[in-house]
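In case you want the letters, here they are:
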Amino acid sequence: MKHSTIFALSSGFGRTGISVYRLSGPDSGYALINLSKRILPKARYASRRILYDEFGNKIDDGLVIWFPKPHSFTGEDVVELHLHGGIAVASAITDALLKLNLEPADPGEFSRRAFLAGKFDLIQAEAISDLINAETTTQRLQALRQMDGALTKIYNNWRNQLLQCQAYLEAEIDFSNEDLPNKINDQVMLNLNNLVDEISSHLNDNNCGERLREGLSVTIVGAPNVGKSSLLNRIAKRDIAIVSSLAGTTRDVIEVHLNLSGYPVILADTAGLHESTETIEKEGVRKTYEYAKSADLKLIIFNAQTLEEPNTDSLALIDDRALIVVNKCDCQTKSLPNKIRDRSFLVVSAKTGIGIDSLISELTNQVTLLLKKDDVPMITRVRHRNALQKTEIAIRRALQAPFIELVAEDIRLASRNLGKITGKIEVEEMLDVIFNEFCIGK
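(A) Representation of the overall build of the protein. Tallying secondary structure elements over the protein gives 15 helices and 12 strands in all. Per-residue burial for the protein yields a buried fraction of 48% across its 442 residues. Considering only residue pairs separated by 6 or more positions, the protein has 64% of its internal contacts joining residues 24 or more positions apart. Only carbon and sulfur atoms are counted for the fraction: they give 50% of the accessible area of the protein, which is about 22300 Å².

Shown next as structure tokens:
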């Protein structure tokens, strides 16, 4: 662990009313004394201080808070400087701190130091990043559950069970001639069977946690000029995509982030499905199919004016992930069929707004069905899922192993993989990857 003293602007850059600077490390108190020309204030109380540069020139008049170790975020001596926001103040305080031999913090370095000091585990550390990036209520609540240790409790309980099984088996291996309790192996196998069922059930969650964290992907697809871009603008309630009667106006994917009843959605407008010899249009159509294939939900749009001969490429994309939408109902001159490919559909007009509320309501229902998992803690990162899958594989292998030594080794591997999630093992090689996702000052 580093013993240097670091600093960062934690409140973000730009002109603001208040900017918060954070210092952490053994020289934090010294830096505050040097800047304020006064003794350290009372711990954990906001105190007004005038800060000066090395020549005695006034930098700013603000509030300072002193957090002596170990009762601080990082477990080290920490200082917070609450100063006026602005480029000139930021430049002056940065110069002053650098001249005191403090080092600018790397992304996530404060949280990394807190983790290494045992303030929280890796899951909780990642939850801090998720909370900062949360855009909706459900994302915020999911991050808070992880910060409170909901997932940690589950994984630690499973790991403790594995360690107990491993201890029993190694006792039988090392002390085979001793008077040990009967049927240890049978109890271990029963425990492993129950545990692997729990892990398998936890993994079988339809990736709800990752979808909630990253945003559910919804792709708008259809033939050229059916009103896909107009529909995107209507749902987003602002002009995002260029709308034109000229077919092929949309050539690249346009995305907008939505908040549907607290659930995050990434709505994508795509190029129209059609045959083309033009290079850019062909690439646009290729991307449309790519997005349609990977989307969690699809809005397949048809034109009410030409529904008697619907676009065959659009029809081919109808499946269980599709909501069928018939647009331009304000222009229809013929009666609409009851169903399309034996599926009900929604009738809307992106131009006038007819049916848009019903479409948003149905889209919200579908998103809720995909993401809502009550208050059950969910897997939120691929890193967690990969480790759990390896854990499950190792346990299943242990259940089939022909020798007790192999069973014990597989249980050890399973325990190690679980430990990778929370950081209960040597994880130095993973720290850079995890904490580099953080913003500066966190």
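(B) Just the environment of Gly 75, in detail. Residue position: Gly 75 is located in the loop between strand 4 (58-67) and strand 5 (78-84). When the C-alpha atoms of Gly 75 and Gly 25 are compared, they prove to be 9.0 Å apart, with 50 residues separating the residues in sequence. Leaving out residues up to four positions away in the same chain, Gly 75 has contacts with Lys 69, Pro 70, Ala 117 and Lys 119.

(C) Quick peek at helix 9 (residues 228-236). The buried fraction of helix 9 is high, at 7 of 9 residues. Along helix 9, the residues that are buried comprise Lys 228, Ser 229, Leu 231, Leu 232, Asn 233, Ile 235 and Ala 236. Buried residues along helix 9 sit against strand 7 (216-222), strand 8 (254-260), strand 9 (263-269), strand 10 (297-303) and helix 12 (356-371). After helix 9 finishes, the residue Lys 237 shows a positive phi value of roughly 65 degrees.

(D) Structural context of the nonpolar core. Grouped together as the largest cluster of nonpolar side chains are 31 residues, with contacts concentrated most on Leu 216, Val 218, Leu 231, Leu 267, Leu 299, Leu 363 and Val 367. Sorting elements by how many residues they give to this core places helix 12 first, with 6 residues. Excluding its chain neighbours within four sequence positions, the residues that come into contact with Leu 363 are Val 218, Leu 260, Leu 297, Leu 299 and Leu 323. Core analysis: the next-biggest nonpolar cluster, separate from the first, contains 27 residues, Leu 151, Leu 169, Val 196 and Ile 379 among them.

(E) Seen up close, helix 10 (residues 279-294). Here helix 10 contains 16 residues, and its C-alpha end-to-end distance of 23 Å stays within 8% of the 22 Å for a straight helix at 1.5 Å per residue. Where helix 10 is buried, its residues contact strand 7 and strand 10.

(F) The arrangement of the sheet that holds strand 12 (residues 346-347) in detail. One open sheet holds the 6 strands; their spatial order is 8-9-7-10-11-12, and the pairing between them is mixed. Looking at which strands have only one partner, the edges of the open sheet turn out to be strand 8 and strand 12. As defined by bridge partners, strand 11 (residues 322-327) adjoins strand 12 across 2 bridges and the pair is classed as parallel. Counted as the bridge partner of Val 326 is Val 347 from strand 12. Packed onto the sheet, helix 10 meets strand 7, strand 8, strand 9 and strand 10 and runs at close to 135 degrees relative to strand 7. Of the strands in this sheet, strand 7, strand 8, strand 9, strand 10, strand 11 and strand 12 are in contact with helix 12, which crosses strand 10 at around 155 degrees.

(G) The pattern of salt bridges, seen in detail. All told, the structure shown has 20 salt bridges when counted by the stated rule. Among the ionic pairs, Arg 213 bridges to Glu 214, the shortest N-O distance being 3.9 Å. By relative accessible area, which is 25% here, Arg 213 ends up partly exposed. One continuous salt-bridge network, built from bridges that share partners, spans Glu 126, Asp 130, Arg 213, Glu 214, Arg 381 and Arg 383.

(H) Representation of the packing of aromatic side chains within the structure. Tallying each qualifying case throughout the model produces 2 aromatic pairs. Each ring, one from Phe 73 and one from Phe 120, has its centre 5.8 Å from the other, and the planes form 50 degrees; the classification is tilted. Here Phe 73, found in the loop between strand 4 and strand 5, pairs with Phe 120, found in the loop between helix 3 (109-116) and helix 4 (122-133); they are 47 residues apart in sequence, far enough to count as distant. Classification of Phe 120 by relative accessible area gives buried; the value is 14%. Here the aromatic rings of Tyr 155 and Trp 158 are separated by 5.7 Å at their centres, their planes lie at 40 degrees, and the arrangement is tilted. One end of the pair is Tyr 155 and the other is Trp 158, both in helix 6 (residues 150-174) and 3 residues apart, which spans about a single turn. A single burial state applies to Tyr 155 and to Trp 158, both of which are buried. If you follow Arg 22 out to its NZ or CZ, it ends over the ring of Phe 73, 5.1 Å from the centre. Taking NZ or CZ as reference, Arg 22 lies 5.5 Å from the ring centre of Phe 110, over its face.

(I) Structural context of unusual backbone geometry. The peptide bond linking Lys 69 to Pro 70 adopts the cis configuration, its omega dihedral lying at 0 degrees. Of note in this structure, Arg 44 is not a glycine but carries a positive phi near 65 degrees. Its location among the elements puts Arg 44 in the loop between helix 1 (28-36) and strand 3 (47-52). Phi at Ser 261 is positive, roughly 55 degrees, even though this residue is not glycine. In this structure, Ser 261 sits in the loop between strand 8 and strand 9. A residue is classified by how much of its surface remains accessible, and Ser 261, at 60% relative accessible area, is exposed.

(J) Molecular detail of the pairing of strand 10. Most of strand 10 is tucked away, with 7 of its 7 residues classed as buried. Burial of strand 10 is two-sided: the residues Leu 297, Leu 299, Ile 301 and Asn 303 facing one way and the residues Lys 298, Ile 300 and Phe 302 facing the other way are all buried. Note: strand 7 against strand 10, 5 bridges, orientation parallel. From the neighbouring strand, Ile 220 faces strand 10, where its bridge partner is Leu 299. Where strand 10 and strand 11 come together, 6 bridges link them in parallel fashion. Its bridge partner being in strand 11, Phe 302 is matched across the sheet by Val 326.

(K) Just the side chain of Asp 269, in detail. For Asp 269, the location among the structural elements is in strand 9. Lys 228 provides the closest opposite charge to the buried, salt-bridge-free Asp 269, at an N-O distance of 5.5 Å. Here the side chain of Asp 269 touches Ser 229 through a polar contact of 2.6 Å, side chain to side chain.

Reading guide: rules and limits
- Residues numbered from 1 in each chain as written.
- Predicted model: local features only at pLDDT ≥ 70, side-chain atom pairs only at ≥ 80, totals over all residues.
- Heavy atoms only, no water.
- Helix = DSSP H or I, 4+ residues; strand = E, 2+ residues; numbered from the N terminus.
- Buried < 20%, exposed > 50% of the residue type's maximum accessible area, 1.4 Å probe, protein only.
- Contact = heavy atoms within 4.5 Å.
- Areas by Shrake-Rupley, 256 points an atom, 1.4 Å probe, with all protein chains shown as cover.
- Core = buried A, V, L, I, M, F, W, Y, C linked by side-chain atoms within 4.5 Å.
- Expected span 1.5 Å × (residues − 1).
- Pairing = 2+ DSSP bridges.
- Axes fitted to C-alpha atoms, helices over the stretch in contact; angles between N-to-C directions.
- Salt bridge = Lys/Arg side-chain N within 4 Å of Asp/Glu carboxyl O.
- Phe/Tyr/Trp six-rings, centres within 6.5 Å; stacked < 30°, edge-to-face > 60°.
- Lys NZ or Arg CZ within 6 Å of the ring centre and 35° of its normal.
- Lys, Arg positive; Asp, Glu negative; His and termini not counted.
- Polar contact = N/O pair within 3.5 Å; in protein donor to acceptor, adjacent residues only side chain to side chain.

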